[in-house]
Amino acid sequence: MTLTESLISFSFAAGVLTLTPGLDTALILRTAATENSRKALQAAMGINAGCLVWGALVALGLGALLAASELAFTTLKWIGAGYLCWLGLNMILRPRTAMAPETATAASPGSNWFVKGLFGNLLNPKMGVFYVSFLPQFVPSGYPMAASVFSLAVIHVLIGTLWSCTLIAATRPLARWLRRPAVVKTLDRLTGCVFLAFAARLATTRR
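Residues numbered from 1 in each chain as written. Predicted model: local features only at pLDDT ≥ 70, side-chain atom pairs only at ≥ 80, totals over all residues. Heavy atoms only, no water.

Asks: So what about the overall build of the protein chain? Which residues, and what values?
Replies: Looking only at helices and strands, one finds eleven helices and zero strands in the protein chain. Along the protein chain, from the amino end to the carboxyl end, the secondary structure elements read α-α-α-α-α-α-α-α-α-α-α. Of all 207 residues assigned to the protein chain, the portion counted as buried reaches 42%. Long-range contacts, defined here as pairs at least 24 residues apart, represent 85% of the contacts in the protein chain between residues at least 6 apart. Accessible surface for the protein chain amounts to roughly 10,700 Å². Of this, 71% is attributable to carbon and sulfur atoms. (Helix = DSSP H or I, 4+ residues; strand = E, 2+ residues; numbered from the N terminus. Buried < 20%, exposed > 50% of the residue type's maximum accessible area, 1.4 Å probe, protein only. Contact = heavy atoms within 4.5 Å. Areas by Shrake-Rupley, 256 points an atom, 1.4 Å probe, with all protein chains shown as cover.)

Asks: Pulling in residues and values, what's your account of the packing of aromatic side chains?
Replies: Following the criterion strictly, the structure yields two aromatic pairs and no others. Seen in terms of ring centroids, phenylalanine 10 and phenylalanine 138 are 5.4 Å apart; in terms of plane orientation they differ by 70°. Their pairing is edge-to-face. One end of the pair, phenylalanine 10, is in helix 1 (residues 3–19); the other, phenylalanine 138, is in the loop between helix 8 (125–134) and helix 9 (145–171), with 128 residues separating them in the sequence. The class of phenylalanine 138 is buried, set by a relative accessible area of 11%. (Phe/Tyr/Trp six-rings, centres within 6.5 Å; stacked < 30°, edge-to-face > 60°.)

Asks: Could you give an account of the layout of surface pockets, with specific residues and numbers?
Replies: In this model, the largest pocket occupies a volume close to 820 Å³. Counting residues per element, the ones that place at least two in the lining of the largest pocket are helix 1, helix 2 (23–34), helix 3 (37–59), helix 7 (113–122), helix 8, helix 9 and helix 11 (181–203). Per-element tally for the lining of the largest pocket: the top contributor is helix 9, with six residues. The residue inventory of the lining of the largest pocket, partitioned by class, reads 14 nonpolar, eleven polar and three charged. (1 Å grid on protein atoms, 1.4 Å probe; cavity = no way out; pocket = protein on both sides within 12 Å on 5 of 7 lines; lining within 4 Å. Points joined across faces, edges and corners; volume = space filled by probe spheres on them. Nonpolar A, V, L, I, M, F, W, Y, C, P; charged D, E, K, R; others polar.)

Asks: Would you mind going over the packing of helix 3 against helix 8 in detail, with residue names and values included?
Replies: The geometry of helix 3 relative to helix 8 is characterised by a closest axis approach of 9 Å and an angle of 50° between their N-to-C directions. When the axis of helix 3 is compared with that of helix 8, the two are oblique. For the element pair helix 3 and helix 8, the recorded crossing hand is right-handed. Together, Cys51, Trp54, Gly55 and Val58 of helix 3 and Met127, Gly128, Tyr131 and Val132 of helix 8 make up the contact between the two elements. Residue classes in the contact of helix 3 with helix 8 are distributed as six nonpolar, two polar and no charged. (Axes fitted to C-alpha atoms, helices over the stretch in contact; angles between N-to-C directions. Parallel < 35°, antiparallel > 145°, perpendicular 65-115°, else oblique. Left-handed = near helix turned anticlockwise from the far one by under 90°.)

Asks: Tell me about the UniProt feature "transmembrane region" (unreviewed entry) in the protein chain, and name the residues and values.
Replies: Taking the numbering used here, the UniProt-annotated feature "transmembrane region" (unreviewed entry) corresponds to residues 6–29, 41–69, 75–93, 113–134 and 146–170. The distance from the first to the last C-alpha atom of residues 113–134 is 28 Å, and the span holds 91% helix and 0% strand. Secondary structure content for residues 146–170 is 100% helix and 0% strand, and the end C-alpha separation is 36 Å. (UniProt positions renumbered as here; feature names shortened; annotations may be inferred.)

Asks: Break down the packing of helix 2 against helix 9 for me, citing the residues and quoting the values.
Replies: Angle between the axes and distance between the axes are the two parameters that describe a pair of packed helices. Viewed as axis vectors pointing N to C, helix 2 and helix 9 meet at an angle of 35°, and their least axial separation amounts to 9 Å. Handedness of the helix 2/helix 9 crossing: right-handed. Together, Thr25, Ile28, Leu29, Ala32 and Ala33 of helix 2 and Trp163, Ser164, Leu167, Ile168 and Thr171 of helix 9 make up the contact between the two elements. For the contact of helix 2 with helix 9, the class distribution of residues is seven nonpolar, three polar and no charged.

Asks: So what's going on with the side chain of asparagine 48? Which residues, and what values?
Replies: Tracing the backbone shows asparagine 48 in helix 3. For asparagine 48, a relative accessible area of 6% corresponds to the buried category. Those residues in contact with asparagine 48, other than ones at most four positions away along the chain, are Val157, Gly160 and Thr161.

Asks: Provide a residue-level description of empty space enclosed by the protein, including the pertinent values.
Replies: For the structure shown, the criterion picks out one cavity of 30 Å³ or more. Here the largest cavity defines a volume of roughly 50 Å³. In this structure, the largest cavity is lined by Leu23, Asp24, Leu27, Ile47, Leu84, Leu87, Lys116, Gly117, Gly120, Asn121 and Phe195. Of all the secondary structure elements, the ones that give two or more residues to the lining of the largest cavity are helix 2, helix 5 (70–93) and helix 7.

Asks: Lay out the confidence of the model for the protein chain with the relevant residues and their values.
Replies: Atom-level detail of predicted coordinates should not be read off regions where pLDDT is low. Mean pLDDT over the protein chain works out to 81, with 87% of the residues at or above the 70 mark. When pLDDT is averaged over each element of the protein chain, helix 3 comes out on top at 92 and helix 6 (residues 102–107) at the bottom at 38. Confidence drops under a pLDDT of 50 for residues 100–110, and excluding neighbours within four residues, the segment shows nine contacts in the predicted structure. (pLDDT = per-residue confidence, 0-100.)

As structure tokens, then:
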């Protein structure tokens, strides 16, 4: 496989995977709808940072531990499922009814959407296994594995950033309606249910 063929094939595959609705999409849409574009972008950047961390780990060969060790995979899997459950239950049991002032949300410990996006990604062992099994397939012949794998992860992040910005922009025309108290409360609870569903899915995942 030549470099050009590798980049085209990977970009297409990564694009399809990025467009598939998942936890990242749910988090970005919810944040853009009920918070604001800036906080949604923070969540997206956190998710992307998590992808880069996984890419670096796989490039260094450490990510292979998840594919080889049942204990490592299971431990991180349950930590990730527990974290998603915590987020989901908080949204269901304590949904907001109104947007807090910008100064208040900035000071709130729960308002750090970059951290939420980052840990939501890092605590998903499927990302590690996915990168271990997926990225090396697109490394062209004759190119260094480590640098190529990390470069592919960067391309994945760029595609994800473009898609995240599209999602955020799509919610802006509906922002006033989406910020109504009843809508905010409903979106919090619906997103909480989505997080619980992903937690259950993650908890039942096998290598």
